[in-house]
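Tertiary structure, described
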Amino acid sequence: MPCNSPIIVALDLPDMAAAVTMADRLDPAQCRLKVGKELFTATGPAIVEALQSKGFEVFLDLKFHDIPNTTASAVRSAAELSVWMVNVHASGGRRMMEACREVLERRSGPRPLLTAVTVLTSLEQEDLQEVGIDIEPMVQVQRLARLTQDCGLDGVVCSAREAKALRNALSEDFKLVTPGIRPDDASVDDQKRIVTPRQAMENGSSYLVIGRPITRAEDPAAAVSDILDSLNS
């Protein structure tokens, strides 16, 4: 059965054993799982298959960014793994994003959601200035989100602090995937632009990416349940 929860648990873990152990402590009816660069580099596609065998839908968070043909080929390979969602960097530009959308449209079989990263949630204005982007993060996020929608992708990855403005400016069915989510009692760690789960949903987020507050909890499944309860209270 498809998962109807907005929660995506970030498995930012070092190896197959740690990831599978964590998956065994979670319920696929209550959350999806995110596999990022560290875990995928350590394990390869086997981790995706292992998590799917346990009933989880997988967000393959590799943030592809390359020339259009190379990025589209990577997205196609991700689709062959039957992942639920795959993403690219919106800063790769229109031709890259359109090539990725088109390769999925030409492919038969289930199509993963295709989203694009706007501005990483660890970046602030001074970080953007150092790489030659002399505007506020919110302006850059809006610019890249509009471009992503124009290219026909399903949504963007953005900070939940930016979700309200994006929800008002973009189509209702455009997905907003928001990392940097921290429950009230959680450490902010290395994230800068963060909000609570309830604030994120009220701002228009479609999916909440939550890592350490769940994976470092004494009872990860209970932590997920508590977050879901907070959204419904």
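Residues numbered from 1 in each chain as written. Predicted model: local features only at pLDDT ≥ 70, side-chain atom pairs only at ≥ 80, totals over all residues. Heavy atoms only, no water.

What follows is about the overall build of the protein. The number of helices and strands found in the protein is 11 helices and eight strands. Relative to the globule expectation of 17 Å for 233 residues, the C-alpha radius of gyration of the protein, 17 Å, shows essentially globular dimensions. Dimensions along the principal axes, computed over C-alpha positions, put the protein at roughly 45 × 40 × 35 Å. Buried residues in the protein amount to 52% of all 233 residues. Put simply, 69% of the contacts in the protein that link residues at least 6 apart link residues at least 24 apart. Of the charged side chains in the protein, 25 are positive and 33 negative; the average position of the first set lies 5 Å away from that of the second. (Helix = DSSP H or I, 4+ residues; strand = E, 2+ residues; numbered from the N terminus. Rg over C-alpha atoms; globule rule 2.2 N^0.38 Å. Buried < 20%, exposed > 50% of the residue type's maximum accessible area, 1.4 Å probe, protein only. Contact = heavy atoms within 4.5 Å. Lys, Arg positive; Asp, Glu negative; His and termini not counted. Charge placed at Lys NZ, Arg CZ, Asp CG, Glu CD.)

Turning next to a negative patch on the surface. Side chains of Glu218, Asp219, Asp226 and Asp229 sit close together on the surface and give a patch of like negative charge. If you trace the backbone, Glu218 turns up in the loop between helix H10 (212-215) and helix H11 (220-232). The class of Glu218 is exposed, set by a relative accessible area of 77%. (Patch = residues over 30% accessible without salt bridge, like charges linked within 9 Å, V, L, I, M, F, W, Y side chains within 5 Å. Areas by Shrake-Rupley, 256 points an atom, 1.4 Å probe, with all protein chains shown as cover. Salt bridge = Lys/Arg side-chain N within 4 Å of Asp/Glu carboxyl O.)

A word on the packing of helix H1 (residues 16-23) against helix H3 (residues 46-53). Contact geometry of H1 with H3 gives a least axis separation of 10 Å together with a crossing angle of 15°. With respect to H3, the element H1 is oriented roughly parallel. Regarding H1 and H3, the two cross each other, and that crossing is right-handed. Touching Met16, Ala19, Val20 and Ala23 of H1 are Ala46, Ile47, Ala50 and Leu51, all from H3. Classifying every residue of the contact of H1 with H3 by side-chain character gives eight nonpolar, no polar and no charged. (Axes fitted to C-alpha atoms, helices over the stretch in contact; angles between N-to-C directions. Parallel < 35°, antiparallel > 145°, perpendicular 65-115°, else oblique. Left-handed = near helix turned anticlockwise from the far one by under 90°. Nonpolar A, V, L, I, M, F, W, Y, C, P; charged D, E, K, R; others polar.)

Turning next to the pairing of strand E7 (residues 175-178). Two elements, strand E6 (residues 155-157) and E7, share three bridges in a ladder whose sense is parallel. Across the sheet, Gly155 pairs through a bridge with Lys175, a residue of E7. One crossover worth recording links E6 to the parallel E7 by way of helix H8 (residues 160-169), and it is right-handed. With two bridges connecting them, E7 and strand E8 (residues 207-210) associate as parallel partners. Bridge assignment links Thr178 to a residue of E8, and that residue is Leu208. (Pairing = 2+ DSSP bridges. Right-handed = clockwise from strand over helix to strand, strands pointing away.)

The next thing to look at is helix H7 (residues 137-150). The end-to-end C-alpha separation of H7 is 20 Å, in line with the 20 Å expected for 14 residues at 1.5 Å each. Listing the buried residues of H7 in full gives Pro137, Gln140, Val141, Leu144, Ala145 and Thr148. One side of H7 carries all its buried residues, which in axial view fall inside an arc of 130°. Among the structural elements, helix H5 (94-106), strand E5 (113-117), helix H6 (125-130), E6 and H8 are those in contact with the buried residues of H7. Note on H7: the residue one or two positions beyond its end, Gly152, has a positive phi of about 85°. (Expected span 1.5 Å × (residues − 1). Arc of directions from axis to C-beta.)

The tally for this structure, following the rule as stated, stands at zero disulfides. Of all cysteine sulfurs, the one in Cys151 lies closest to Cys100, which takes part in no disulfide; the gap is 9.8 Å. With relative accessibility at 0%, the residue Cys100 sits in the buried group. (Disulfide = S-S within 2.5 Å.)

Should the charged atoms of two oppositely charged side chains come close, the side chains can pair. Scanning all chains against the criterion turns up 11 salt bridges. Across the pair Arg32 and Glu57 runs a salt bridge, and its minimum N-O distance is 2.7 Å. In this pair, Arg32 is assigned in strand E2 (residues 32-35) and Glu57 in the loop between H3 and strand E3 (58-64), connecting sequence segments 25 residues apart. A relative accessible area of 5% means that Arg32 is categorised as buried. Among the salt bridges present, the one from Glu102 reaches Arg101, with a minimum N-O distance of 3.6 Å. With a relative accessible area of 16%, Arg101 lands in the buried category.

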